[in-house]
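Residues per chain are reported as follows:
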Amino acid sequence: YLAAVLACGPGAALSHRSAADLLGLRKTDRAPIDVIVPGRTARRHDGIDIHRSTTLIAADTTIVDGIPVTTVARTALDLAAVVRRRAVERALDQAEMLQVFDLNALRDQLDRNPHHPGAPALRAVLDEHIAGTTVTWSDLEELCLEVTRAAGVQPPEVNVYVDPGDGEP
């Protein structure tokens, strides 16, 4: 990840799927590495998907393990442009679990980037989903959520305590 960022020059940072992976929000095994660069550079590098941004500011990046990377909020916005809605929900659920979910920072990203390709999807997720409420631990749980949503059925509660009614706490 560091080599990819350094290859893209000053101001570059890991972004999108790669940033979500480094931040612990969502794993990826995708071969190209996502890097965001400020401005409209024409650079190209094999194995790197370069994303250009005229709205990226220094506050949108941080350092993790010595690697410049977009913040959780900016990563969520960028991620919403390239993955399905449920993947964004899961990333926000994970952010809540890691105690790095910041609704104000997400709203700030949406305010500053209203025309970003991920803005409509992220806005919809924030309007309709409560981060941390659909944390799943298996593909089967994900399939259950997908099937119930597709069928228009009320989705089940996910990973909640069930009282067996035996009088024990």
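So, a few notes on the structure that sits alongside this text. Residue indices begin from 1 for each chain and proceed along its sequence in written order. Two thresholds apply to this predicted model, a pLDDT of at least 70 for residue-level local features and 80 or more for giving and counting side-chain atom pairs, whereas whole-chain, interface and lining totals are computed over all residues. Hydrogens and waters are ignored; side-chain quantities use all the structure's heavy atoms.

## Topic: the overall build of the protein
Part 1 of the argument: We count a stretch as a helix when DSSP gives it H or I for four or more residues in a row; a strand needs E for two or more, and each element gets its number in order from the N terminus. Along the backbone of the protein there are 7 helices and 5 strands.
Part 2 of the argument: Ordered by position in the sequence, the α and β elements of the protein form the string α-β-α-β-β-β-β-α-α-α-α-α.
Part 3 of the argument: For the protein, the C-alpha atoms occupy an extent of roughly 65 × 30 × 25 Å along the three principal directions.
Part 4 of the argument: The rule is simple: take the accessible area with a 1.4 Å probe, protein chains only, and divide by the maximum for that residue type; under 20% is buried, over 50% is exposed, in between is partly exposed. Classification of the 169 residues of the protein by burial places 41% in the buried group.
Part 5 of the argument: Relative to all contacts within the protein whose residues are 6 or more apart in sequence, the contacts with residues 24 or more apart total 56%.
Part 6 of the argument: Surface exposure of the protein reaches about 9,600 Å², of which carbon and sulfur atoms provide 54%.
Part 7 of the argument: When charges are tallied, Lys and Arg are placed among the positive residues and Asp and Glu among the negative ones, while His and the ends of the chain are skipped. A charged residue contributes its charge at one atom only: NZ of Lys, CZ of Arg, CG of Asp or CD of Glu. Within the protein, the 24 negative side-chain charges are centred at a point lying 12 Å from the centre of the 17 positive side-chain charges. Only heavy atoms matter for contacts: two residues are in contact if any of them lie within 4.5 Å across the pair. Only the protein chains shown count as cover for residues, and the accessible areas themselves come from Shrake-Rupley with a 1.4 Å probe.

## With respect to the nonpolar core
Part 1 of the argument: V35, L92 and L122 are the most contacted members of the largest nonpolar core, which totals 36 residues.
Part 2 of the argument: Apart from residues lying up to four places away in sequence, L122 is in contact with A76, L77, A80, V88, L92, L106 and L110. As used here, the term nonpolar core means buried Ala, Val, Leu, Ile, Met, Phe, Trp, Tyr and Cys residues forming a set that is joined through side-chain atoms within 4.5 Å.

## Considerations on the pattern of salt bridges
Part 1 of the argument: Think of a salt bridge as a Lys or Arg side-chain nitrogen and an Asp or Glu carboxyl oxygen that are within 4 Å of each other. Summed over all chains, the structure comprises 12 salt bridges.
Part 2 of the argument: R86 is paired through a salt bridge with D93; the nearest N and O atoms lie 3.8 Å apart. Accessibility assignment for this pair places R86 and D93 in one class, buried.
Part 3 of the argument: Among the charged side chains, a salt-bridge network with shared partners connects R85, R86, E89, D93, E128 and R149.

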